[in-house]
Amino acid sequence: MKHEFRSLCAGIALGAAMMGFVAAARGESDVTLVKDGKPASTIVVAAQATRSARMAAAEVQWHIQKVTGATIPIVADDAAVEGPRILVGATRAMKLSSADFQPQEYQVRVSNDMVVLMGRDKDDRREFDYQNVATFPEVFDEQGSLYAAYDFLERCCDVRWYLPTDLGVTYTSRLTLTVKACDVRRAPAMKNRWQDVVYAIPADLRGDTIKSQNTGPALSRREQVIWLSRNRVGGEAYKANHSFYGYYDRFLKDHPDWFAQGYQGKPPQLCYAHPDLIAQVVQDARDYFDGKGVKPQAVAAGDYFALVPMDNGQWCKCDRCKALWLEKPKRGEGQFSNDSASDYVFGFINKVAREVHKTHPDKYLATLAYATYAYPPAREPLEPNVSIQLCLHTRNVYNPSLLENDHRMVEVWRAESRDRRLFLWTYYCFPALSAVWTQYRCFPGFVAHSLVKELNLYNRNGIRGLFFEPSYLGESKRSILLDQLETHLTWKMADEPTQDGQKLIDEFFSRYYGSAGEAMKQVYVTIETIYSDPANYPSPTHQTEELAWGKLGTEERMAGIGKLMEAARAAAVTDLEKQRVGLFDKGIWQYMQAGRAMYLERNSKKQSTMRSLRVPRISDAGGNPIQANWSQAVNMGTWLTNHGESTPRQVAARMAHDGRSLYVQLCEQLDTGKLVVNGNTVWGEDEWELFVARRRSQPYRVMGVNSNGIHIDVAFGESPDKKWDSGVTVVSDKAAPDGWTTSIAMPLAKLLPEGVRPGQTIYLNIYRLTRNTDMLAWVPSFGGLHDPSRFGEVVLDN
């Protein structure tokens, strides 16, 4: 996007459309808006102004009242006005209209007793009420006049926004407000600026990653919408996400051949080489662009229609498809983001793109560069009407290899085409999301200084838009404090990339915390340094509770941060400074203290909840779990929650072997009518997950079994395709009067590489997972499921 900064002092002409202003501007001067605490100006809007202009006028009025105590009146442009005027939006006094501006473009002009705030606005002139969020402009509406108002408040009135609510607004109080002459005409650099929004910021701005029955309310929708608006979140409408889940209901019954072949139960993907499927996808895209709406669970916005596979790597195994994906990646080997399916996925997208271009040459398809299709295709060039949203691990700075791979992705995609529309999906959600998943309190992932470098990289490569997934909290809320400075930097540098990121960081601490700014900077930088240092990570993995408090937030480091917090509290002088320091104290520091205390408490339970078991040998059952003599099997003992707590649920397990198979019987007393089955996908349904390994480390194998007896078998740490031909037999009985019983026979020859023999020791764990209640475990992991250090010792009797 071209940025145009026009200075009256430099005498630069504004062009034919602006000649009336040029003549008036030659004797330019500053403009006094409030004098000695009383209004000295008037805000003027059109009698039938756009919603953008009306909200801009209201925001200017509200902020100037905060700064000066004076409420500048707002009048229509048909009223007689004396003295300086703040013209907002297109008014009678203007020779410009909204149509004279490019998308998202706006102007801020101060000169000769006049302030002009206008830009390209959606022609929405319906009722506007500053107290009613339902009357605000929609987030992706053109709202150049509103952008102009926020630019003016920052540039000319020294206002900043660091949090939702009045607590986050910073300014210098004064009785007289005189604004300097200036003339700026520009648009935000990144066309699309968006974050995961479910309007779920906690009302107290704090929240917790631990689920609670006493969760507080969310901040009002109005406060959250205004917060996004002040950050200029919005712009060009764009969405790319997994877009074919609706095809199951629409087509699986009548067109099973359109779906991935070679799987039990519900197919995990589509058959992306099937010509009839491709024709249907083309038709869905054309229908959307023709104004016929979006089909169920499809993803589209504005000029973009998304084509993104399901969120898994279980591709179709038919001959056509299998020939197109690689067994081993050529780029990104060993990384989450690689190219093993790039030719396959982008080959499908190219077929759709070529057809859609014939009928809608000005529209775009949208897809992700994600997981196994993260790099451009090698077999054929990608069609020009395909936009790409790269999925990047911006916050994983402790993993240099991962970050370097992300950087290569950005550079390779930009080299692939200088004209390709590139967007970003950035994972700011970690480590908080890991903490929500496994129910602990995370060590904060502060990354401001490295984030500045990342944002500079994105801007140098002409990224068109940025979406970030924010830090998650329990009860589906979103954290504002865990991302506070990172959010501010992101939207400031997405709007204007020439800004000095380090200056923005320094300004945040001095403006927001005032007298406590330096002390709070020390707190932040100390946490940031600990989190970011690769030396603090035994392996470059996502954060766990053990990593958070056993490696990062150690006793010594927490004591040091505690002293810095004491200094910050002592440095705060004004009530506002004390409130802001207090919010960090309660929302971050006390959260960290509670996280470490919980870790220590849980750690004390780990030894007492570790299990060992001798498995008796029974008579040969022929690999049939129904024929096994379960009366001779060993009872595996009491089940616990995954954090070592007792449970009222009635769960039991038994185990035996006959020298050829390992037999496992799993039972829960419950109402079987409430068991969740979602197309036999297993993961995410009511299921058992069995983990087995030769030792307490990788490699290990996992089998998920749902209530229909459908199982998925996966090997971790053995081969890239994670295949495990388990040969198991599963019998699931939901008709028993005492609930659900699953009986499994696992051939010892296929249980682990090189098989298992009687007399040998293996390591094993079993989890009971459900959407409806907390998961249970034979050996609580106190974290994620994939923790072989928490596998119990199992010896098979001779």
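Look a little higher up for the structure.
Below or above, wherever it landed, is the structure these notes cover. (Residues numbered from 1 in each chain as written. Predicted model: local features only at pLDDT ≥ 70, side-chain atom pairs only at ≥ 80, totals over all residues. Heavy atoms only, no water.)

Re the pairing of strand 18 (residues 422–427)
For strand 18, a buried count of six out of six residues is recorded, marking the element as mostly surrounded by other parts of the structure. The side-chain alternation of strand 18 yields two buried faces, one formed by Leu-422, Leu-424 and Thr-426 and the other by Phe-423, Trp-425 and Tyr-427. By the bridge criterion, five bridges tie strand 17 (residues 386–392) to strand 18 in an arrangement that is parallel. Note on strand 18: the bridge partner recorded for Leu-390 is Leu-424. In this region the chain leaves strand 17, passes through helix 9 (residues 400–416) and returns to the parallel neighbour strand 18; the handedness of that crossover is right-handed. Bridging between strand 18 and strand 19 (residues 465–469) involves five bridges; their strand directions are parallel. (Buried < 20%, exposed > 50% of the residue type's maximum accessible area, 1.4 Å probe, protein only. Helix = DSSP H or I, 4+ residues; strand = E, 2+ residues; numbered from the N terminus. Pairing = 2+ DSSP bridges. Right-handed = clockwise from strand over helix to strand, strands pointing away.)

As for the side chain of Asp-585
When you line up the elements, Asp-585 lands in helix 17 (residues 575–609). Polar contacts involving the side chain of Asp-585 include one to the side chain of Arg-569, which spans 2.7 Å. For Asp-585, the contacting residues outside a window of four places in its chain are Met-565, Arg-569 and Gln-590. (Polar contact = N/O pair within 3.5 Å; in protein donor to acceptor, adjacent residues only side chain to side chain. Contact = heavy atoms within 4.5 Å.)

Some points on helix 13 (residues 501–513)
Taking 1.5 Å per residue as the helical rise, helix 13 with its 13 residues ought to reach 18 Å, and the 18 Å between its terminal C-alpha atoms agrees with that figure. When we look at burial in helix 13, the residues that qualify are Gly-501, Leu-504, Ile-505, Glu-507, Phe-508, Phe-509, Tyr-512 and Tyr-513. N-capping of helix 13 is provided by Asp-500, with a side-chain oxygen placed 3.0 Å from the backbone N of Gln-502. After helix 13 finishes, the residue Gly-514 shows a positive phi value of roughly 60°. (Expected span 1.5 Å × (residues − 1).)

Overview of the pattern of salt bridges
On inspection of all chains with the given rule, the structure shows 47 salt bridges. Glu-507 is the salt-bridge partner of Arg-511, the closest N and O atoms lying 3.2 Å from each other. Of this pair, Arg-511 and Glu-507 are both found in helix 13, four residues apart, which corresponds to roughly one turn of the helix. The exposure class assigned to Arg-511 is partly exposed, which follows from its relative accessible area of 26%. Residue class for Glu-507 comes out buried when judged on its relative accessible area of 16%. A salt bridge links Asp-620 to Arg-660; the shortest N-O distance between them is 2.9 Å. Taken together, the positions of Asp-620 in the loop between strand 20 (612–615) and strand 21 (634–635) and Arg-660 in the loop between strand 23 (650–657) and strand 24 (661–669) put the pair 40 residues apart, joining distant regions of the chain. Connected through salt bridges with shared partners, the residues Asp-158, Arg-160, Glu-507 and Arg-511 form a single ionic network. (Salt bridge = Lys/Arg side-chain N within 4 Å of Asp/Glu carboxyl O.)

Considering the environment of Lys-734
With respect to the helices, strands and loops of the structure, Lys-734 is situated in the loop between strand 28 (729–733) and strand 29 (740–747). Within the structure, the side chain of Lys-734 is placed 2.8 Å from the side chain of Asn-708, a separation counted as a polar contact.

Quick notes on unusual backbone geometry
Between Phe-430 and the following residue, Pro-431, the backbone shows a cis peptide bond with an omega angle of 10°. Here the bond from Gln-698 into Pro-699 is cis, since omega is 0°, no more than 30 degrees from zero. Among the secondary structure elements, Pro-699 is positioned in the loop between strand 25 (687–693) and strand 26 (700–706). Backbone geometry places Asp-36, a non-glycine residue, at a positive phi of 55°. Tracing the backbone shows Asp-36 in the loop between strand 1 (31–35) and strand 2 (38–39). If you check the backbone angles, Gln-297 has positive phi at about 65° while not being a glycine.

Considerations on the packing of helix 16 (residues 555–571) against helix 17
Contact geometry of helix 16 with helix 17 gives a least axis separation of 10 Å together with a crossing angle of 165°. Classified by the angle between their axes, helix 16 and helix 17 sit roughly antiparallel to one another. Crossing angle aside, the handedness with which helix 16 passes helix 17 is left-handed. Contacts between helix 16 and helix 17 pair Glu-555, Met-558, Ile-561, Gly-562, Met-565, Ala-568, Arg-569 and Ala-571 from the former with Glu-577, Val-581, Phe-584, Asp-585, Trp-589, Met-592, Gln-593 and Arg-596 from the latter. The class makeup of the residues in the contact of helix 16 with helix 17 is nine nonpolar, two polar and five charged. (Axes fitted to C-alpha atoms, helices over the stretch in contact; angles between N-to-C directions. Parallel < 35°, antiparallel > 145°, perpendicular 65-115°, else oblique. Left-handed = near helix turned anticlockwise from the far one by under 90°. Nonpolar A, V, L, I, M, F, W, Y, C, P; charged D, E, K, R; others polar.)

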